Amino acid sequence: MKPLQIIIPSREDPDSPIIDLDLHLPLLCFKPEQVLQIMTCILTEQRIVFFSSDWALLTLVAECFMLYLHPLQWQHTFVPLLSRQMLDFVMAPTTFLMGCHTDNFEEVSTETEDLILINIDNGDITNSKMAKEEPEIPDVPAQAAETFIKRVESLQLHYDLELCHLRASTDLSELQMRRRAWQQKLNMEVQQMTLQLIVNIFREVKDHLNYEHRVFNSEEFLKTRAIGDQPFYKKVLETYMFHSFLKARLNRKMDAFARLEFSTQSEEDRLNSMFHTPRRLTMEKMAYKRFNPRYMISKRMVISMPNLQDIKLPESPARNSSLRRTETGIAVKMPSKSVSMFKLPEIHFPLMFQCVHSYYTDFFNHLSKAINTLPPDNSALLARYFYLRGLISLMQGKLLNALSDFQNLDKTDLRIFPTDLVRKIVETMSPAERSQADRKPELKKLISRVMEKQREVMKIDDRVKNFELPKTHMQLDDFVKRIQESGIVKDLDTIHRLFDALTVGHQKQIDPETFRDFYNYWKETEAEAQEVNLPPAVIEHLDKNECVYKLSCSVKTNYGVGKIALTQKRLFLLTEGGHPGYVQIAAFRDIEDVKSTTVAFLLLRIPTLRIKTLSKKEAFEANLKTECDLWYLIVKEMWAGKKMADDHKDPQYIQQALTNVLLMDAVVGALQSSKTIYAASKLSYFDRMRNEVPMMVPKTTSETLKHKINPSAGETFPRAIDVLLYTPGHLDPSERPGNAHPKLWCALNEGKVVVFDASTWSIQQHCFKMGHSKLTCMIMVEQSQVWIGSQDSIIYIINTHSMSCNKQLNDHRSDVTDIIVDKKNGTPSEAYSSSLDGTVIAWNISTLKVNRASQLPCQRLTSIKLHNDQLWCCTGSCILVVSTHEFQLQMKIEHHLKDVCSYFLCFQLFPERDEVWASYAGSSDLYVWNTKELSSVPQKIHLQDCSEITCMIRVKNQMWIGSSGRSQGKSKGKIYVISAEKKTVEKELVGHADTVKALCSAEDRYILSGSGKEEGKIAIWKAE
């Protein structure tokens, strides 16, 4: 009997199916076009019957097509082998996929309607003869189909041709090994190819999802598909399979689809995901569209923009006009799988009770021996042994033993933890067994968590809603929900301003007709902007990532006749005539003044827009007539937004200004009343800010601040940044090159983590969740592990390769407050964690086992530091210094203030100077102790304009202090840079509109600071 091989799923895709067949078989039986046709039948959930004279081939081919769908899953009846006696099954009215012998072809085809009949032997695809009309099987979207066909044609599907390149061999085992290796390689290529097809088909679904309200705007998604592709999507969008796919997207599941979609995303799309930017064509895409015949037809049929040249449509049928290029050469990298051998015990016959019981005992002992002899760092294999031993104990009826093994599994690999099985074990335990389990703290905690998770699952509403226009009048709360569901804008403050604009002169409610007019105008304007087709002579003057957001009517200006065009960077004139040209009007940062005036023409006064720039003596003047007031508001808002974005080094401001001006445009277009301009002015946020609040940023702040990023982009409101962690880049041959980049980890509230690529500051990993409680600390323990502590008393271990949590440590009984790593000779040896109740645990990083644990004599342990085999522990009333070996008390810094209500809030060590820096809650003073003279009074450093010191970090010979304060009744955050030598404040940096809650260093070159929920942004500072 040859060895039984058990495949462990890859870290990249834990949900990947186990493949033990030849995935290329359908490619030998059908042409690529027919494979796509069959895939369409499956995706549109037709009633399908496979036929073959070879029974084995039926199952193999049907299973291959199921695997081609991954990560989508067939939701209906699947019977690949149907005997003659069971042919009645094909008359079932529901969707199914079945397989029959070719001898039954005539009988099946003549007695049942609406069947898709697929003959594997000759490659024919037909429909049943009883059908009144042929079922319409739409084509797969053209560009995705073209890419798939090219990749199929490039595959080497015949092993005999592979043999021609290999040396001859007479060793049978070597020949078998070669054949197996070739098949595994081919299977991987087929998997990559079919996954690429699924991604190319459904890539843009995410652009029409609202995660907050679990809404999919199917109508808008269909409008953005090419006319020739719409029949396919109309059928697919109605299927159960697609509905399950939507649930996974809305749950932000990081499966194979999400990983490939993200890895093939352009840098522009990644940056766009950080800002909720209205969809427009960039100059790069516009140029590509112009010279690519596939894009010669519009995405949707809309009214042309005023005075735009008509676009002639080609006579050929329209195909996919998605502006994202379909990726052809990038695929999921699947690491090679390691093989471990485990010898099963001998089976004793006959299979009587005693023999079976003896087999289970032998199996249990074999597994116990394997667990005891396994190297502790091989956690993946150890987890599999625990899983098997737990199952054997379950078969023996030893429920407590099974629970213990599953509890160990919970520590070593969460991916294969059988939650449902453990829940069923708990539910079937006798009262005596449950009482025994509750007496063991670890088992009691496991049971509690599993049962609580079941209650949470029952509460979760995972329905996917389709966006619908309202049918009744809306108050503010309902309006906010509807606008967010529509995908127009998510920010609450902006929606509140929009509500005020649409209700000018009316009661504070919006009728369905006004909402419909506004929504339709917004969508039509968005679609019309997609049709803007600038000539190459104009495109060459613009940056490749610029988009035209608005065009005026044809107007007379002192630069000539043409249309004024608005991008996110400038205004320019698109001149008219035989050869349309480009004339620069103004870059927003160069504008000096904007005025709305009138000029005399005969007996009339014509409204005119006047723009004065710093670079030109002559002002630009345009006779905009009825459009003048709107363009005046638009230019002033963009000018103010650009000024604020430059001053605060925050590119999101210009994106917000763009959204504001487009909302102004939609409000004016929808209301069509005498008060439209006044209504639109309600959305003029940055211009009002410039007039009401001084926008000057202090020179020191401006020189030190490099950039700002927003981890809450796409959320309905800002979220507080609780912890920041920078991890340096490293190149691992087994990883994709993108994973070698440095990363910035950001912990938001409710257990959410966002990861940025620190080389571009673009989001690398959208939010994934670590429980539901606040995260308190993060640290990179080794290159492949980031440990995250939480208020739910759990330490979550993130695998940096798969960016998922596979392990967790549950030994703390209170909030985890800090984690540090002890590096001996530069190599991580132990990790120490602390919890609020005073517990300190030393962990073996390789085995994740507790080396030592101690309960310190305190009730509020907030942070720990490590130096010279000593742990410095910050508690409410004192700072304790204990040895790392036995946790014996060696030193103590007492609370020295008279105010009994204050307590130590945070501290830092300066070992080279024998100093400890610390602060108290509610105090604006920083205290510095000399560790050699603890009895002496500490040196006090007073920080002006500070309410409380919230965090601190040492950078070279400086201490960076984060604080909270108030200005004009509002929270603000300030960073103080203090010289360790002089004990004086060298810089005061005003970069946040709320408390500075977190600080971290990026290789001592940059300092990153995160603020509270009023702002929720990260500032990147230059360290000197």
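Conventions and cut-offs
- Residues numbered from 1 in each chain as written.
- Predicted model: local features only at pLDDT ≥ 70, side-chain atom pairs only at ≥ 80, totals over all residues.
- Heavy atoms only, no water.
- Helix = DSSP H or I, 4+ residues; strand = E, 2+ residues; numbered from the N terminus.
- Buried < 20%, exposed > 50% of the residue type's maximum accessible area, 1.4 Å probe, protein only.
- Contact = heavy atoms within 4.5 Å.
- Areas by Shrake-Rupley, 256 points an atom, 1.4 Å probe, with all protein chains shown as cover.
- Core = buried A, V, L, I, M, F, W, Y, C linked by side-chain atoms within 4.5 Å.
- Pairing = 2+ DSSP bridges.
- Axes fitted to C-alpha atoms, helices over the stretch in contact; angles between N-to-C directions.
- Left-handed = near helix turned anticlockwise from the far one by under 90°.
- Nonpolar A, V, L, I, M, F, W, Y, C, P; charged D, E, K, R; others polar.
- pLDDT = per-residue confidence, 0-100.
- Expected span 1.5 Å × (residues − 1).
- Phe/Tyr/Trp six-rings, centres within 6.5 Å; stacked < 30°, edge-to-face > 60°.
- Lys NZ or Arg CZ within 6 Å of the ring centre and 35° of its normal.
- Salt bridge = Lys/Arg side-chain N within 4 Å of Asp/Glu carboxyl O.
- Polar contact = N/O pair within 3.5 Å; in protein donor to acceptor, adjacent residues only side chain to side chain.
- Parallel < 35°, antiparallel > 145°, perpendicular 65-115°, else oblique.
- Disulfide = S-S within 2.5 Å.

## So, the overall build of the protein
Moving on, step 1. Along the backbone of the protein there are 28 helices and 44 strands.
Moving on, step 2. The buried share among the 1024 residues of the protein stands at 54%.
Moving on, step 3. Within the protein, residue pairs in contact and separated by at least 24 positions form 56% of the contacts whose partners lie at least 6 positions apart.
Moving on, step 4. Carbon and sulfur atoms make up 51% of the accessible area of the protein, which amounts to about 47400 Å² in all.

## Points about the nonpolar core
Most often, soluble globular proteins have nonpolar side chains that are buried together.
Moving on, step 1. Residues Ile42, Phe50, Phe65 and Phe202 are the most contacted members of the largest nonpolar core, which totals 66 residues.
Moving on, step 2. Setting aside its immediate chain neighbours within four residues, phenylalanine 50 contacts Ile38, Leu58, Val61, Ala62, Phe65, Leu97, Met98, Gly99, Cys100, Ile118 and Ile120.
Moving on, step 3. Core analysis: the second largest hydrophobic core is formed by 63 residues, Ile488, Ile510, Leu573 and Ile634 among them.

## Considerations on the sheet that holds strand 26 (residues 816-824)
Moving on, step 1. A sheet is described by the order of its strands in space; here 4 strands give the open sequence 26-27-28-29, paired in antiparallel fashion. Each of the sheet's edge strands pairs with one partner strand only, and the pair in question is strand 26 and strand 29 (850-855). For this sheet, the mean angle separating the axes of adjacent strands, direction not counted, is 15°.
Moving on, step 2. In this structure, strand 28 (residues 839-844) lies alongside strand 29, joined through 5 bridges in antiparallel fashion. In the sheet register, isoleucine 841 faces strand 29, and the bridge partner there is alanine 853.

## What to know about the packing of helix 20 (residues 476-486) against helix 21 (residues 492-502)
Moving on, step 1. The interhelical angle for the contact between helix 20 and helix 21, taken along N-to-C directions, is 115°, at an axis separation of 10 Å. Judged by the sense of rotation from one axis to the other, the crossing of helix 20 with helix 21 is right-handed. Each of Leu476, Phe479, Val480, Ile483 and Gln484 in helix 20 lies in contact with helix 21, whose residues at this interface are Leu492, Ile495, His496, Leu498, Phe499 and Leu502.
Moving on, step 2. Each residue belonging to the contact of helix 20 with helix 21 can be placed in one class, and the counts come to 9 nonpolar, 2 polar and no charged.

## Considering the confidence of the model for the protein
Moving on, step 1. Confidence in the prediction of the protein, expressed as mean pLDDT, is 84, and 86% of residues score 70 or more.
Moving on, step 2. Below pLDDT 50 for its whole length, residues 293-336 participates in 122 contacts with residues either more than four positions away or in separate chains.

## Quick look at helix 2 (residues 32-43)
Moving on, step 1. Under the 1.5 Å per step criterion, the end-to-end length of helix 2 is 16 Å for 12 residues, consistent within 8% with the ideal 16 Å.
Moving on, step 2. Extensive coverage of helix 2 is indicated by the burial of 10 of its 12 residues.
Moving on, step 3. Buried within helix 2 are the following residues: Pro32, Gln34, Val35, Leu36, Ile38, Met39, Thr40, Cys41, Ile42 and Leu43.
Moving on, step 4. Just past helix 2, the residue glutamate 45 takes up positive phi, approximately 55°.

## Quick look at the sheet that holds strand 37 (residues 939-942)
Hydrogen bonds between backbone groups are what pair the strands of a sheet, and the pairing can be parallel or antiparallel.
Moving on, step 1. Within the open sheet, the 4 strands sit side by side as 34-35-36-37. Their pairing is antiparallel. The strands lining the two open edges of the sheet, one partner per strand, are strand 34 (904-910) and strand 37. Across this sheet, the average inter-strand angle for adjacent strands is 25°, counted without regard to direction.

## Here we look at the packing of aromatic side chains
One pair of aromatic rings is described through two measures. These are the centre distance and the angle between the planes.
Moving on, step 1. The final tally for this structure, using the stated rule, is 28 aromatic pairs.
Moving on, step 2. We note arginine 252 situated over the ring of tyrosine 211; from NZ or CZ to the ring centre the distance is 4.0 Å.
Moving on, step 3. Geometry around tyrosine 653 places lysine 1017 over its ring, the cationic atom sitting 4.3 Å from the centre.

## Some details on the environment of proline 742
Moving on, step 1. Positionally, proline 742 belongs in the loop between strand 18 (723-727) and strand 19 (743-747).
Moving on, step 2. Residue proline 742 is classed as buried on the basis of its relative accessible area of 18%.
Moving on, step 3. In sequence terms proline 742 and phenylalanine 756 are 14 residues apart; their C-alpha atoms lie 8.6 Å from each other.
Moving on, step 4. Here proline 742 is in contact with Tyr726, Thr727, Pro728, Gly729, Phe756, Asp757, Ala758 and Ser759, once residues within four sequence places are set aside.

## Here we look at the pattern of salt bridges
Side chains that differ in charge, positive against negative, can pair when their charged atoms come close.
Moving on, step 1. All told, the structure shown has 43 salt bridges when counted by the stated rule.
Moving on, step 2. The salt bridge involving aspartate 646 is made with arginine 589; its shortest N-O contact spans 3.2 Å. Residue aspartate 646 is found in helix 24 (residues 628-648), and its partner arginine 589 is found in the loop between strand 13 (581-587) and strand 14 (591-601); the two are separated by 57 residues along the sequence.
Moving on, step 3. As a salt-bridge pair, glutamate 1015 and lysine 708 come within 2.9 Å of each other at their nearest N and O atoms. Pair noted here: glutamate 1015 is in the loop between strand 43 (1006-1011) and strand 44 (1018-1022) and lysine 708 is in strand 17 (residues 705-709), with a separation of 307 residues, a long-range link.
Moving on, step 4. Accessibility expressed as a relative area gives 10% for glutamate 1015, which makes it buried.
Moving on, step 5. Classification of lysine 708 as buried rests on a relative accessible area of 2%.

## Concerning the pairing of strand 20 (residues 752-757)
Moving on, step 1. Where burial is concerned, most of strand 20 is hidden: 6 out of the 6 residues are buried.
Moving on, step 2. Residues Lys752, Val754 and Phe756 line one face of strand 20 and the alternating positions Val753, Val755 and Asp757 line the opposite face, and both faces are buried.
Moving on, step 3. Here 5 bridges tie strand 19 to strand 20, and the two strands are oriented antiparallel to one another. Looking at the pairing, tryptophan 745 lines up with valine 755 of strand 20.
Moving on, step 4. Remark: 4 residues form the turn of the hairpin made by strand 19 and strand 20, two consecutive strands paired antiparallel; glutamate 750 in that turn has positive phi of roughly 60°.

## Some points on unusual backbone geometry
Negative phi characterises most residues that are not glycine, and trans characterises most peptide bonds.
Moving on, step 1. Omega for the bond connecting histidine 70 with proline 71 falls within 30 degrees of zero, at 10°, which places this linkage in the cis form.
Moving on, step 2. Mapped onto the secondary structure, proline 71 falls in the loop between helix 3 (55-68) and strand 2 (77-79).
Moving on, step 3. Within the chain, phenylalanine 887 stands out as a residue other than glycine whose phi angle is a positive 55°.
Moving on, step 4. Structurally, phenylalanine 887 can be placed in the loop between strand 32 (878-883) and strand 33 (889-894).

## Details of the side chain of arginine 570
Moving on, step 1. Take arginine 570: it is sitting in strand 12 (residues 570-575).
Moving on, step 2. Classification of arginine 570 by relative accessible area gives buried; the value is 12%.
Moving on, step 3. For arginine 570, the side chain forms a polar contact with the side chain of glutamate 546, separated by 2.7 Å.

## Some words on the packing of helix 22 (residues 512-530) against helix 25 (residues 652-671)
Moving on, step 1. One way to put it is that helix 22 packs onto helix 25 with a least axis distance of 8 Å and a crossing angle of 125°. Accordingly, the angle class assigned to the pair helix 22 and helix 25 is oblique. Of the two elements, helix 22 crosses helix 25, and the hand of that crossing is right-handed. Contacts between helix 22 and helix 25 involve Thr514, Asp517, Phe518, Tyr521, Trp522 and Thr525 on the former and, on the latter, Leu662, Leu663, Asp665, Ala666, Val667, Gly669, Ala670 and Leu671.

## Some thoughts on the environment of histidine 772
Moving on, step 1. Examined against the element boundaries, histidine 772 turns out to sit in the loop between strand 21 (762-769) and strand 22 (775-782).
Moving on, step 2. Look at histidine 772 and you get exposed, because its relative accessible area is 53%.
Moving on, step 3. C-alpha of histidine 772 to C-alpha of glutamate 750: the two residues are 22 residues apart in sequence and 4.7 Å apart in space.
Moving on, step 4. Within the structure, histidine 772 has its side chain in polar contact with the side chain of lysine 769 (distance 3.4 Å).

## What about the side chain of threonine 839?
Moving on, step 1. Relative to the helices and strands, threonine 839 resides in strand 28.
Moving on, step 2. Only 2.9 Å separates the side chain of threonine 839 from the side chain of glutamine 855, close enough to count as a polar contact.

## Digging into the state of the cysteines
Moving on, step 1. Inspection of the entire model under this criterion finds 0 disulfides.
Moving on, step 2. Not part of a disulfide, cysteine 873 finds its nearest cysteine sulfur in cysteine 858, a span of 7.5 Å.

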